[in-house]
Amino acid sequence: MTQIATVQGKVIRTSGEPLAKAEVTLTRHEPFNQLTYATTSAADGQFLLDNIEPGQYRLDVLRNGYIKETAGNDWFGGAPLLTLAPGRQLEGVVLRLAPQAAISGRLTDEDGDALADAPVTLFREIDAPEGKIRRLVGGQVRSTNDLGDFRLPGLLPGRYFLCANWSPVPPHLMGRRIRSGPQDRGSQDAYPPLYFPGATDPAQAAPIDIASGEELRGFDLQLKKVRGFRVRGRVELPDGADLRALHVNLVPHHLDAHGWIFSGGGGRAGAFDRTGGADFDIGGVLPGSYDLMVHCNLAHGQRSAHVRVDVVDRDVEGLIVTFPSGVTVEGTVRAVDDSAALDPAKVHVSLRPEQQDMQVGGGPADPAGVFALHDVRPGRYEVSVHLWPGDGDGYVKSVRYLDREVIDEWIEIGPDGPVGKMEVLIAFDGGELSGMVEAPSGAPIPGAVVRLLTDPPRFDQPKGTQTDQDGRFWFRQIRPGDYWVFALASVDPGVPLEQRWEQHEGFARKVTVSANSQEDLRVRLP
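Q: What's the story with the overall build of the protein chain in this structure? I'm lost.
A: Scanning the protein chain for helices and strands turns up one helix and 42 strands. Considering the protein chain as a whole, with its 526 residues, one finds that 44% of them fall into the buried category. A separation threshold of at least 6 residues defines the contact pool for the protein chain, and within that pool the share at least 24 residues apart is 71%. Of the roughly 25700 Å² that the protein chain leaves accessible, carbon and sulfur atoms contribute 48%.

Following this line, the structure appears as structure tokens:
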């Protein structure tokens, strides 16, 4: 009979007082298994989770009006990783919550009328090796209500910047699906983004310093209308396209020059269909460089196309968006030795273009291990194979195309050149790396981020994990080869991994992984 585990601890404020009525949850840390245990902290802040199956879990805590002091510092919003062995009785766990801060205000137009459904975005300034950068605070994009009021809660102490904008296109039409109906001509009016206290240039935005638990009010902004332009054209649809799932979006081409990092959004669409195609007419576009992104669904998957659009001082007319036809790359997935250990449905193969971020394919192989990547256009691609975690796991041992090994290499798809069969081999004799992350004093560090890089380092394909309550980490089913292992106290999306590597390279450990090998390392933080 399996011995059960228990977790006992206390929820406190960052000032040290116990905190009652906090929701404490323990969730299994593995895909397709969301086994969860939950309880509520008592008046003295104490909590107990018992009858727990052994395994790895994420321990999380929520309380209205509070925020985790580590939120935003790792991939999991500050939820620590716990490894619970059979019979483990983990005691003395302390979960700290800080009083949340908030910013509120009101948006109006040039006449003083309220702007409803207007997005308000909050950015946080962080330090990076290249200087100060500003990045979007996770989850802090809110819309104004019918009175033009907004409130952005759940903030940690820090320096922030406030931005608001509004579009005359109703929110439910932003990036909408194109359907049959009359032409939507949109509007010429446009409201450029405005940064507190009233600057259109983000470099002139005033910082807002927020203390723990502070409620800041009166951050009002008045947006002013300027002349916008139109972008018009036509999408030539491929045969079999599903018009109900056709999307046309106009999005900024790149980040601006002031160190602002934006997260998605900004697209507008308005279009109507004709036989064999769809016309679009997008109004209220400000001068700038954009990408017109078009997506449609076919029976065998999604097709995408994009056109670079530069808006200067007039409307852009007569754009034609086409979907160039490509070739089909077929292949098979199989296990090197034990085919019974391989579930082809958990193997997803795709191609990553050299010049774009959008991948081709990505669906699972069929039960016989056969897959097909449709509409692959001429160009250079890298083969990407993703194995969904599960029983046996495995690793990608080999990818062959046109009778050569292409793991970590580019393949060439020509307009008239040969299209060969692709063979993906999955093996189950990978090595295992485990270890502990230590402080300079030698003490184990829970919650540290551990990165595994190939040698020489490639920063676009890192493996990552996090240390548990004892400072330990594991990487399993690693393809044999040479690697670097290094640790970070926290992770921040605003800082590229290559720069973090440069800061920590002197503390990295180099290791050679062989088939079925097991290595245990000690990794130091600076």
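From this point, things continue past the structure.
Q: What is the right way to read helix α1 (residues 497-504) from this model?
A: For an α-helix, 3.6 residues make a turn, and residues three or four places apart therefore share a direction. All of the buried residues in α1 are Leu 497, Arg 500, Trp 501 and His 504. The buried residues of α1 occupy one face: seen down the axis, they fall within an arc of 105 degrees. Here the buried face of α1 lies against β37 (449-454) and β40 (481-488).

Q: Got a minute to help me understand the sheet that holds strand β30 (residues 370-376) in this structure?
A: For sheets, the rule is that strands pair by backbone hydrogen bonds, running either parallel or antiparallel. Strands sit in the order β30-β27-β35-β32-β33 across an open sheet of five strands; the sheet is mixed. Strand pairing shows two members of the sheet lacking a second neighbour, β30 and β33 (404-405), which therefore form its edges. Two elements, strand β32 (residues 395-401) and strand β35 (residues 422-427), share six bridges in a ladder whose sense is antiparallel. Its bridge partner lying in β35, Val 399 is registered against Val 424.

Q: Is there a simple way to think about the pattern of salt bridges in this case?
A: Opposite charge on two side chains makes pairing possible when the charged atoms of those side chains draw close. With the rule as written, the count across this model stands at 28 salt bridges. Between Arg 106 and Asp 149 there is a salt bridge; the shortest N-O distance is 3.8 Å. Remark: Asp 149 occurs in strand β12 (residues 149-155) and Arg 106 occurs in strand β9 (residues 101-108); sequence separation between them is 43 residues. Taking relative accessible area as the criterion, Arg 106 reaches 31% and is therefore assigned partly exposed. Among the ionic contacts, a cluster of salt bridges with common partners joins Arg 352, Glu 382, Asp 408, Arg 458 and Arg 479.

Q: Can you walk me through the confidence of the model for the protein chain in this structure?
A: Reading fine detail from the predicted coordinates is not recommended where pLDDT is low. In the predicted model, the protein chain carries a mean pLDDT of 82, and 82% of its residues have values of at least 70. With pLDDT under 50 throughout, residues 72-76 is counted as low confidence; its partners more than four residues away or in other chains account for 16 contacts. Here residues 255-274 scores under 50 on pLDDT; set against residues more than four positions off or in separate chains, the count is 76 contacts.

Q: Looking at this model, I keep getting lost on the sheet that holds strand β3 (residues 36-40). Mind explaining?
A: Spatial ordering of the open sheet is given by β3-β2-β5-β7, a layout of four strands whose pairing is antiparallel. On the outer flanks of this sheet lie β3 and β7 (81-84), each paired with one strand and no other. The average undirected angle you get between the axes of adjacent strands in this sheet is 25 degrees. Taken together, the six bridges between strand β2 (residues 23-28) and strand β5 (residues 55-62) define a ladder with antiparallel strand orientation. For Glu 23, the partnering residue across the bridge sits in β5 and is Leu 62.

Q: Help me understand the packing of aromatic side chains, please; the structure alone is not making it clear to me.
A: On inspection of all chains with the given rule, the structure shows five aromatic pairs. For the pair Tyr 37 and Tyr 57, a centre-to-centre distance of 6.0 Å together with 65 degrees between the ring planes defines the contact as edge-to-face. Of the two residues, Tyr 37 is situated in strand β3 and Tyr 57 in strand β5; the sequence distance between them amounts to 20 residues. Their ring planes at 65 degrees and their centres at 5.7 Å tell us that Trp 484 and Trp 501 sit as a pair that is edge-to-face. Placement of the pair is Trp 484 in strand β40 and Trp 501 in helix α1, with a sequence separation of 17 residues.

Q: How do you make sense of the environment of Met 422 when you look at a structure like this?
A: Note that Met 422 resides in strand β35. For the pair Met 422 and Phe 371, spaced 51 residues apart in the sequence, the C-alpha separation amounts to 9.3 Å. Ignoring any residue separated from it by four or fewer positions in sequence, one finds Met 422 in contact with Val 329, Glu 330, Gly 331, Thr 332, Val 349, Leu 351, Phe 371, Val 383, Val 399, Arg 400, Tyr 401 and Ile 411.

Q: Please explain the environment of Ile 282 as it appears in this structure.
A: When you line up the elements, Ile 282 lands in strand β23 (residues 277-285). With a relative accessible area of 3%, Ile 282 lands in the buried category. Ile 282 sits 33 residues away from Asp 315 along the chain, and the two C-alpha atoms are 10.0 Å apart.

Q: I'm lost on unusual backbone geometry in this one. Help?
A: Trans peptide bonds make up the majority, and among non-glycine residues the majority have a negative phi. Backbone torsion omega between Phe 196 and Pro 197 reads 15 degrees, so that peptide bond is classified as cis. With an omega of 0 degrees, the peptide bond between Asp 455 and Pro 456 qualifies as cis. In this fold, Pro 456 is placed in the loop between β37 and β38 (463-466). If you check the backbone angles, Asp 408 has positive phi at about 60 degrees while not being a glycine. Among the secondary structure elements, Asp 408 is positioned in the loop between β33 and β34 (410-413).

Q: Would you take a moment to explain the nonpolar core for this structure?
A: Proteins that are soluble and globular tend to have nonpolar side chains buried together. With 26 residues, the main nonpolar core has Val 349 and Met 422 as its most contacted residues. Listing elements by their share of this core, those giving two or more residues are β27 (327-335), β28 (347-353), β30, β31 (379-387), β32, β34 and β35. By residue number, the principal contributor to this core is β31, which donates four residues. Judged by nonpolar contacts, the second largest core, of 25 residues, contains Val 120, Leu 155, Leu 156 and Phe 196.

Q: Would you take a moment to explain the pairing of strand β1 (residues 5-13) for this structure?
A: Looking along a regular strand, one sees side chains alternate from face to face of the sheet. Bridge count between β1 and strand β4 (residues 46-52): five bridges; the pairing is antiparallel. The residue bridging Ala 5 from the neighbouring strand is Ile 52, located in β4. Here β1 pairs with strand β8 (residues 89-99) via seven bridges, running parallel. Bridge pairing links Arg 13 to Leu 97 in β8.

Q: Just to check I follow, could you spell out the environment of Val 24 for this structure?
A: With respect to the secondary-structure elements, Val 24 resides in strand β2. For Val 24, a relative accessible area of 0% translates into the label buried. For the pair Val 24 and Leu 62, spaced 38 residues apart in sequence, the C-alpha separation works out to 6.7 Å. Beyond its immediate chain neighbours, meaning those up to four positions away, Val 24 contacts Val 11, Tyr 37, Ala 38, Thr 39, Phe 47, Leu 49, Leu 59, Asp 60, Val 61 and Leu 95.

Parameters and conventions
- Residues numbered from 1 in each chain as written.
- Predicted model: local features only at pLDDT ≥ 70, side-chain atom pairs only at ≥ 80, totals over all residues.
- Heavy atoms only, no water.
- Helix = DSSP H or I, 4+ residues; strand = E, 2+ residues; numbered from the N terminus.
- Buried < 20%, exposed > 50% of the residue type's maximum accessible area, 1.4 Å probe, protein only.
- Contact = heavy atoms within 4.5 Å.
- Areas by Shrake-Rupley, 256 points an atom, 1.4 Å probe, with all protein chains shown as cover.
- Arc of directions from axis to C-beta.
- Pairing = 2+ DSSP bridges.
- Salt bridge = Lys/Arg side-chain N within 4 Å of Asp/Glu carboxyl O.
- pLDDT = per-residue confidence, 0-100.
- Axes fitted to C-alpha atoms, helices over the stretch in contact; angles between N-to-C directions.
- Phe/Tyr/Trp six-rings, centres within 6.5 Å; stacked < 30°, edge-to-face > 60°.
- Core = buried A, V, L, I, M, F, W, Y, C linked by side-chain atoms within 4.5 Å.

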